[in-house]
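# A look at the structure
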Amino acid sequence: MPDRFLPDYGLYLLNKGVRPETRLVFFDLPVEHLTRPDLRTVCLTLSTEEGGQDYAISFDFIGPRIDELLAVFPHPQQETLWRWLTDRYTVGEHVALSPPATVFSLEATLGAVRQGIYERFAPLIVRRVTARP
């Protein structure tokens, strides 16, 4: 199973010497699915390319960043997502979003290295989310 995963972008950045407090900015991120790894975190996982290599990149939204993320969705979809987030039994679940939304810009820093079931990774901790103006 581990051979089916892309290398982690957060680990790549750490190995390149990017400091954890460095503010990284991303634009026009598609939000097609979300994961809820614990009660207070929402995760968006995407792929990105750097130097001809594809990487998995995960963004963790915590606290008020979840509100900012949900603000990029139309009102009816926001309500559905809030119901999903307030249900304690949805921890560990993934939700596919149709139609998807787009985050205009996202600012993040590198989080601590974690050990997942199959691999090590360093999530990007979201510090600011901006919806399209």
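Data block above holds the structure.
Below: a short report on this structure. (Residues numbered from 1 in each chain as written. Predicted model: local features only at pLDDT ≥ 70, side-chain atom pairs only at ≥ 80, totals over all residues. Heavy atoms only, no water.)

### Description of the pattern of salt bridges
- On inspection of all chains with the given rule, the structure shows five salt bridges.
- With a closest N to O distance of 2.4 Å, E21 and R19 form a salt bridge.
- For E21, a relative accessible area of 45% puts it in the partly exposed group.
- A relative accessible area of 53% places R19 in the exposed class.
- Between R114 and D60 there is a salt bridge, and its shortest N-O distance comes to 3.2 Å. Of this pair, R114 sits in strand β5 (residues 114-115) while D60 is found in strand β3 (residues 53-62), placing the two residues 54 residues apart along the sequence. (Salt bridge = Lys/Arg side-chain N within 4 Å of Asp/Glu carboxyl O. Buried < 20%, exposed > 50% of the residue type's maximum accessible area, 1.4 Å probe, protein only. Helix = DSSP H or I, 4+ residues; strand = E, 2+ residues; numbered from the N terminus.)

### Here's the deal with the sheet that holds strand β7 (residues 124-130)
- Here five strands make up a closed barrel; going around it, the order is β1-β2-β3-β7-β4 and the pairing mixed. Ignoring which end each strand starts from, the neighbouring axes of this sheet average 55° apart.
- Of the pairings in the sheet, the one linking strand β1 (residues 24-38) to strand β4 (residues 94-110) comprises ten bridges and is antiparallel in character. Bridged to V25 within β4 is E107.
- The sheet strands contacting helix α3 (residues 75-86) are β1, β2 (41-50) and β4, and the helix crosses β4 at an angle near 80°. (Pairing = 2+ DSSP bridges. Axes fitted to C-alpha atoms, helices over the stretch in contact; angles between N-to-C directions. Contact = heavy atoms within 4.5 Å.)

### Observations concerning the packing of aromatic side chains
- Under the definition given, this model contains six aromatic pairs.
- A ring pair is formed by Y12 and Y55, whose centres lie 4.7 Å apart and whose planes are at 40°; its orientation type is tilted. Separated by 43 residues along the polypeptide, Y12 in helix α1 (residues 9-15) and Y55 in strand β3 bring together distant segments of the chain. The same class applies to Y12 and to Y55, which are both buried.
- Among the aromatic residues, those joined into a ring-pair cluster are Y9, Y12 and Y55. (Phe/Tyr/Trp six-rings, centres within 6.5 Å; stacked < 30°, edge-to-face > 60°.)

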